[in-house]
Structure formats: C-alpha cells, structure tokens
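The chain contents come next:
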Amino acid sequence: MITLDRTKGSLELKQEVMDSGVCARCGLCAELCPYIKAVGERVALVYPCGLEEGNCYRLCPRTPTDWEQIDRSVFNRERVDHVLGNHLEILFARSLQDDAAEKGQYGGVVSALAAYLLEQGRVSGAVLAGGPAGETPQAVVATSRGEVLACAGSHYSAAPTLSAVHRAVKEGMDSLAVVGRPCQVLALRKMQGLKDAPGYLPAKDKVEFIIGLFCFWSLETEIYDLLSRRAGGQKILKVDIPQDFLTITTESGSTNIPIEEVRPFIRPTCQLCFDPTSEFADVSVGSTEYDPQWNTLIVRSTKGKEIVDAARAEGIIETKAYPDERLPLLYQAVRNKKLRVLQALESGQEAGYLRLTDQYRENLKRERGMNL
Ligand SMILES: Cc1cc2nc3c(=O)[nH]c(=O)nc-3n(C[C@H](O)[C@H](O)[C@H](O)COP(=O)(O)OP(=O)(O)OC[C@H]3O[C@@H](n4cnc5c(N)ncnc54)[C@H](O)[C@@H]3O)c2cc1C
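Residues numbered from 1 in each chain as written. Predicted model: local features only at pLDDT ≥ 70, side-chain atom pairs only at ≥ 80, totals over all residues. Heavy atoms only, no water.

### Points about the pattern of salt bridges
In this structure the tally under the stated criterion is 22 salt bridges. With its nearest N and O atoms 3.9 Å apart, the salt bridge here joins Arg42 to Glu222. Of this pair, Arg42 sits in strand 2 (residues 42-45) while Glu222 is found in the loop between strand 7 (207-213) and helix 9 (223-230), placing the two residues 180 residues apart along the sequence. Note on Arg42: relative accessible area 45%, which makes it partly exposed. Between Glu261 and Arg230 there is a salt bridge, and its shortest N-O distance comes to 2.6 Å. Of this pair, Glu261 sits in helix 10 (residues 259-262) while Arg230 sits in helix 9, and the two are 31 residues apart along the sequence. Note on Glu261: relative accessible area 32%, which makes it partly exposed. The partly exposed category is assigned to Arg230, whose relative accessible area is 36%. (Salt bridge = Lys/Arg side-chain N within 4 Å of Asp/Glu carboxyl O. Helix = DSSP H or I, 4+ residues; strand = E, 2+ residues; numbered from the N terminus. Buried < 20%, exposed > 50% of the residue type's maximum accessible area, 1.4 Å probe, protein only.)

Laid out in structure tokens, this is it:
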C-alpha cells in the first residue's frame, strides 16, 4: 500500500510540479478554482489560495499516484501485462465514415468514436484539442459531429485542454467524452478516484468515456515557430511525425524536417513519463507505424469494449486482427520507453509521481528480461 500525500495544496503543486518543470500541462487543475490558469500552453498559479489541502495537488498526474489502485478502480482487476497495461483486445481499426477517415490523422478512429458517442446521446459534449494545424491548439468542447471533425488531426504539443472539462460542467453538461494524452487520462482517473475530495469538484463524476492517445513525447510550444518558418508563410494543412522526420504538408506539397532538428523541442518531463499508451483510458488509439490509413486500437475497459462493439456493428468503424509480426514491435517500443524511465530513476532523477510499489517494480524487472 502506498501512502499518498493528502495534505498538500496549490503551493506544493507550484513548488513540486510547476516550478520544477515537470508539469505535464494536462490542464485539469486550471479553471478548477479561480487561482490556477492556463496561459497559452503553460499552467500557472496566479494567486496563492492559502488552502493547505487541494484537489489540484491530488489530481495532478505528476504528484504521487497509486497506479495499482487505479487499475483496480477502472478495470476491477490487477494488471497482468506490465508493458501495455490492462486490455481486452489489441486491434487495427479505421473509420468507415468518409469524413472522419479523410480528416483524421490516421484512420480517424478517435474522431469517429467521439462523434458516435455524441450522436448516440451517450455524452453531451466532447473535450478535444482543436484549431488550425501547425498552430497552438485550443481546448474545445464539441457538441456536434461537425465540431468533432473540425478538431481532427494531431497537434504535437502539450496543450492544457482539460481546463475545458470544468468549463463544460459549469455550462451544464453532465456527461463528457474526453480525448487526451496519457498524462491527461491519468489526471482524469485520479479525479474520478478522489474519495474525500476537499471542496467543490463538480466534474468528478461527469466524465463518461475516455479516449486516450498514444504519446511517447510532446513538443514545446516553440515548435510552432519552426513549423511556420519552414512552411514559408503558407497555411499548414497537416503535421505528422513518421519515425525519422516531422512532415508538414501545405498546398504546395510536403516538407520533411529531420527528427534531429525536432528533438531539442521534446519536453524534458515527457522523458520521465511512464505511460506512452494511455493505460487507464477506456480505449487507446495510436498510429500503426505501418499503414497510415489505419490506427492501433487498444480496447481496455468493458465500457470501451461495449462502445467499440456497437460502433463496429453499426458500421462506424472496422477492425481487423493486429498482425502477429507487428505486435512484438509495439511491445518493444513501449517496454523500452518504460525501461528508459526506470533507468533514469535508478540513476537518481526525480519523478515524485512515479511511486511504484516494490511488487510493481519487480514485475517490470521480470519483463525486462522478456525476449520478444
Ligand atoms: C502530442 C502527441 C504525441 C503523439 N505521439 C504518438 C506516438 O508517439 N505514437 C503514436 O502511435 N501516436 C501518437 N500520437 C497519436 C496520433 O497522433 C493520433 O492522435 C492517433 O493515432 C489517433 O489518430 P486518429 O486518426 O484516430 O485521430 P483523429 O481522428 O484525427 O483525432 C485526433 C484527436 O486528437 C486530439 N488531439 C490533437 N492534438 C492533441 C493534443 N496536443 N493533446 C490532446 N489531444 C489532442 C484531437 O482533439 C482529436 O480529437 C500522438 C498524439 C499527440 C497529440
């Protein structure tokens, strides 16, 4: 059993997370109270509230986290797979709806599922990241298919879009779908799991469905200046990061920026992130690194399976078996990322939020020797 800090508040959040540079910029603490604001992509405590205990500290994905407790509360089971986390199915998937397939970053599964949840009345709003490609994204609360599709595509920076969760609830929405990076998914699950939340937290029970993105790292906001320069002032239509370069597409064609030029923009805090596949989401969606028309889809919770089964049955998405020869590559990439983080911790780097139990570490170490 891990003892978590229950008596810390916004001042400790500022010291331990914001000032020390480990803030994931998930945005869930912003707009939670009047004192924490998202300013561009940064999250700042604008006034010391003086409370000794705060939900802001407890739901932060960078404060101590009991991962095993979250596994139990979300999935009602211990994890068996310490690399990819709890899951029921691993699939290739793509949207069968032309609009989502065309606008989506890859197979459009995220947009197709978010629009499906809205159209089915399963949720009243979807919290997304939107705005023009190649520019800092904005937090969006979509209430229609058109608004979901307008947000399709990836912005590779850490936009604090979860601030919109509180805004949506204040505006009267009582069930939300949220699309987010792994840090954002973790924050949402920590919020849902707060048993004795001090103070007002109306969004706690309002997140109905979480679509997590794969994310091995995000880039500093300054990347957008580089993209704009390389686009030569032309409107950027799409940004993608295949393995060895970042590609920007404009009406005149595509430009590749070598990954070495991009690496300096990787946010250092992402190098200490232990979860590249959104392990606590209902479903996780990434690229296939193989066929850009398809996504990798990890179905994790029973709710996730229910929605994926229904979307499949209604012809919203199609799925196929994950190719046997690709699965070891996925495991290898994720396991290597986790091992890099463990090595960094063993060499003395701090990641206070990664308070793993001895058993958890043991399980991972056993998998270190796994020969896939
Ligand atoms: C910072 C970042 C890093 C990523 N790294 C990887 C990776 O290493 N490997 C991999 O396989 N996949 C990665 N992805 C995921 C990938 O880019 C696609 O989002 C995913 O495969 C879904 O594809 P799709 O066609 O279903 O998306 P779409 O249907 O186009 O939907 C994309 C959704 O992503 C949301 N979104 C866009 N930018 C952000 C953001 N910055 N923060 C939160 N939400 C956002 C939008 O709201 C939209 O709903 C990353 C995504 C992001 C945002």
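That shown, we press on.
### Overview of the sheet that holds strand 9 (residues 245-250)
Spatially, the three strands line up as an open sheet ordered 8-9-10, and their pairing is antiparallel. Looking at the sheet topology across the chains shown, the edges are occupied by strand 8 (238-240) and strand 10 (253-258). The average undirected angle you get between the axes of adjacent strands in this sheet is 15°. The pairing of strand 9 with strand 10 spans six bridges and is classified as antiparallel. Across the sheet, the residue bridging to Phe245 is Pro258, located in strand 10. Running over the sheet, helix 9 touches strand 8, strand 9 and strand 10 and is turned about 130° from strand 10. (Pairing = 2+ DSSP bridges. Axes fitted to C-alpha atoms, helices over the stretch in contact; angles between N-to-C directions. Contact = heavy atoms within 4.5 Å.)

### Structural notes on the side chain of Ser95
For Ser95, the position within the fold is in strand 3 (residues 89-95). We classify Ser95 as buried; its relative accessible area is 6%. Only 2.9 Å separates the side chain of Ser95 from the backbone nitrogen of Gln97, close enough to count as a polar contact. Non-local contacts of Ser95, meaning those with residues more than four positions away in its chain, are made with Ala100, Ala101, Gly107, Gly108, Val109, Ala112, Ile316 and Ile317. (Polar contact = N/O pair within 3.5 Å; in protein donor to acceptor, adjacent residues only side chain to side chain.)

### Some words on the nonpolar core
If you look at the biggest cluster of nonpolar residues, it comprises 48 residues, and the most contacted ones within it are Leu13, Leu28, Ile36, Val165 and Leu188. Contacts of Val165, omitting those with residues within four sequence positions, involve Leu28, Val127, Leu176, Val178, Leu188, Ala203 and Val207. Formed by 32 residues, the second largest nonpolar core is a distinct cluster that contains Val109, Val123, Val148 and Ile317. (Core = buried A, V, L, I, M, F, W, Y, C linked by side-chain atoms within 4.5 Å.)

### A word on the domain arrangement of the chain
Examined at the domain level, the chain breaks down into domain 1 (65-220 + 266-368) and domain 2 (223-263). Computed from C-alpha atoms alone, the centre-to-centre distance between domain 1 and domain 2 is 25 Å. On the side of domain 2, 14 residues touch domain 1, which itself brings 17 residues to the contact. Taking both partners together, domain 1 and domain 2 bury about 1,300 Å²; carbon and sulfur atoms supply 54% of that area. Where domain 1 meets domain 2, there are zero salt bridges. Linking domain 1 to domain 2 there are nine residue pairs in polar contact (both at pLDDT 80 or more). Each residue belonging to the side of domain 1 that touches domain 2 can be placed in one class, and the counts come to seven nonpolar, seven polar and three charged. (Domains from an automatic or database assignment. Buried area = accessible area lost by both parts, 1.4 Å probe. Nonpolar A, V, L, I, M, F, W, Y, C, P; charged D, E, K, R; others polar.)

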